[in-house]
Amino acid sequence: MAEPVIEAEGLGIRFSAHRKRRRSLREVLLGARRGPAAAGGSFWPVRGASFSVHRGECVGIVGKNGTGKSTLLKMIAGVLIPDEGRVEVRGRVAPLLELRAGFNGQLTGRENIRLVGSLHGMSQEALDERFDEIVDFADLRGGYIDMPVRHYSSGMKVRLGFALVAQLEHPIMLVDEVLAVGDQEFRQKCYAAIERMLADGRTMVLVSHSDADLRHFCGRGLYLKDGAVALDSGIDTVLDAYQQDLTAEEGGPAPSGEAREEPAGERAAPGAPSRRGGAEAAAGTDAGRKDPGARRRIRGRDGGGGGAA
Ligand SMILES: Nc1ncnc2c1ncn2[C@@H]1O[C@H](COP(=O)(O)OP(=O)(O)OP(=O)(O)O)[C@@H](O)[C@H]1O
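Computed from a predicted structure; not experimentally measured.

Trainee: Can you help me understand the domain arrangement of the protein in this one?
Mentor: As a measure of interface size, the accessible area lost when the parts come together is often cited. The domains assigned to the protein are domain 1 (1-15 + 43-91 + 171-250) and domain 2 (101-169). One C-alpha centre belongs to domain 1, the other to domain 2, and the line joining them spans 26 Å. Taken together, the contact between domain 1 and domain 2 spans 7 residues of the former and 6 residues of the latter. Of the residues belonging to the side of domain 1 that touches domain 2, the class tally is 5 nonpolar, 1 polar and 1 charged.

Okay, structure coming up:
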């Protein structure tokens, strides 16, 4: 079998109030906050997480609030540096995480496209070529593109962030809840963009609280519980196990195999065909090899995880 494009082994990170955790440049640029650990004590939001993701797969990460899903994604993205274990990523990553936080409020939308686009490795030529497409996708009409981003609504910032990252041709996409934002029309565009990227043979890891989105896009799921992977299986099995745990905690009877009810805004794009066969459909394409030089191996500060650096 081909090498996985993402390989995590014994991955863990500790957030501590008493030790200033090192933040990577990207974390600083994304404006990630230090969270409740700053209130006292230290804890491991993720610990002992091991899993692999193969090229062309779409894997959903499922779990309750605060169980470390976003933290796990940020370690894969290289935004956070693990304290234990290792994560190896073979290919460049398009991070669809905290999209509104990546911009400099003093710069205009146009200037931010250049700045953030080049931080993601896009050439100025590519940015020039795709500029109109980015602005159209973000639907920034009425001269907003030449206004400082601090005047944008949070929805406008997310739209611009998605429009920009969607232009990246990186073979691995990390998507954190971005599908839950924006109006119906924008969400439809996001779904279509992600469909296109998956059809291209790219790999996606999706964090979402929407069963519909997870079932729609993902063939496989990881159930994250107390910071570790409690179950790695087909997405239906994973969502059912999660639902059973939720129901057991609430003290009620488990529903018989039905997905839990989704809020109206959380449904997958109506009429969109399911991509659950995506991994198989994508197998055999060479999208994952587009950028063979982008291989990143991050080991925890303990040097552990059993892998060679
Ligand atoms: N940079 C940080 N510094 C300190 N604590 C953090 C940081 N980021 C997140 N946390 C805390 O770590 C825990 C895990 O957070 P994380 O955002 O990964 O959970 P999650 O499973 O994605 O939650 P949700 O489903 O609510 O998005 C939470 O208690 C959170 O408050």
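Trainee: Help me understand the packing of helix 4 (residues 124-138) against helix 5 (residues 154-165) in this model?
Mentor: Running from N to C, helix 4 and helix 5 point in directions that differ by 140 degrees, and their axes come no closer than 8 Å. Here helix 5 runs oblique to helix 4, going by the angle between their axes. When you trace helix 4 past helix 5, the crossing you get is right-handed. Here helix 4 contributes I134, F137 and A138 to the contact with helix 5, which in turn contributes R159, L160, A163 and L164. Partitioned by chemical class, the residues of the contact of helix 4 with helix 5 number 6 nonpolar, no polar and 1 charged.

Trainee: Just to check I follow, could you spell out the nonpolar core for this structure?
Mentor: Soluble globular proteins tend to bury their nonpolar side chains together. V62, I76, L96, F162, L174, V205 and L206 are the most contacted members of the largest nonpolar core, which totals 70 residues. Built from parts of two domains, this core gets at least three residues from each of domain 1 (1-15 + 43-91 + 171-250) and domain 2 (101-169). Excluding its chain neighbours within four sequence positions, the residues that come into contact with L206 are C58, G60, I61, V175, L214, F217 and C218.

Trainee: What is the right way to read the sheet that holds strand 3 (residues 58-62) from this model?
Mentor: By definition, the strands of a sheet pair up through backbone hydrogen bonds, in either a parallel or an antiparallel sense. With mixed pairing, the 6 strands of this open sheet are ordered in space as 5-6-7-3-8-9. Every interior strand has two partners, whereas the edge strands, strand 5 (93-96) and strand 9 (228-234), have only one. Strand after strand, the sheet turns through a mean of 15 degrees between neighbouring axes, direction not considered. The sheet contact formed by strand 3 and strand 7 (residues 203-207) spans 4 bridges and is parallel. Looking at strand 7, one finds that I61 is bridged to V207. Sitting on the sheet, helix 8 (residues 235-250) touches strand 3, strand 8 (220-225) and strand 9, and the angle it makes with strand 9 is about 135 degrees.

Trainee: Any chance you could explain helix 4 here in plain terms?
Mentor: Side chains of residues three or four places apart in an α-helix project in the same direction, reflecting 3.6 residues per turn. Within helix 4, the axis deviates most sharply at R130, by approximately 55 degrees. Of the residues making up helix 4, those classed as buried are I134, F137 and A138. The inward-facing, buried residues of helix 4 abut helix 3 (109-119), helix 5 and helix 6 (184-199). One or two residues past the end of helix 4 sits D139, with phi positive at roughly 55 degrees.

Trainee: Would you take a moment to explain unusual backbone geometry for this structure?
Mentor: The residue D139 is not glycine, and still its phi comes out positive at about 55 degrees. What makes D139 partly exposed here is the crowd of 17 C-beta atoms within 10 Å. The backbone phi angle of D226 is positive, close to 50 degrees, even though this residue is not glycine. Mapped onto the fold, D226 is located in the loop between strand 8 and strand 9. Assessed through the 14 C-beta atoms surrounding it within 10 Å, D226 is described here as partly exposed.

Trainee: Even after reading the chapter, I still don't get the pairing of strand 4 (residues 84-90), so can you show me in this structure?
Mentor: Along a regular strand, successive side chains alternate from one face of the sheet to the other. Most of strand 4 sits inside the fold, with 7 of its 7 residues counted as buried. One ladder, built from 5 bridges, connects strand 1 (residues 6-16) with strand 4; its direction is antiparallel. Opposite G12, over in strand 4, you have E84 as the bridge partner.

Trainee: Help me understand helix 3 in this model?
Mentor: Buried within helix 3 are the following residues: G109, N112, I113, V116 and G117. The buried residues of helix 3 occupy an angular sector of 120 degrees when projected down its axis, which confines them to one face. Against the buried residues of helix 3 lie helix 4 and helix 5. G121 sits one or two residues past helix 3 and shows a positive phi near 95 degrees.

About the thresholds
Residues numbered from 1 in each chain as written. Predicted model: local features only at pLDDT ≥ 70, side-chain atom pairs only at ≥ 80, totals over all residues. Domains from an automatic or database assignment. Contact = placed C-beta atoms within 7 Å. Nonpolar A, V, L, I, M, F, W, Y, C, P; charged D, E, K, R; others polar. Axes fitted to C-alpha atoms, helices over the stretch in contact; angles between N-to-C directions. Helix = DSSP H or I, 4+ residues; strand = E, 2+ residues; numbered from the N terminus. Parallel < 35°, antiparallel > 145°, perpendicular 65-115°, else oblique. Left-handed = near helix turned anticlockwise from the far one by under 90°. Core = buried A, V, L, I, M, F, W, Y, C linked by C-beta atoms within 7 Å. Buried ≥ 20, exposed ≤ 12 C-beta atoms within 10 Å, placed from the backbone. Pairing = 2+ DSSP bridges. Bend = angle between axes of the 7 residues up to and from the residue. Arc of directions from axis to C-beta.

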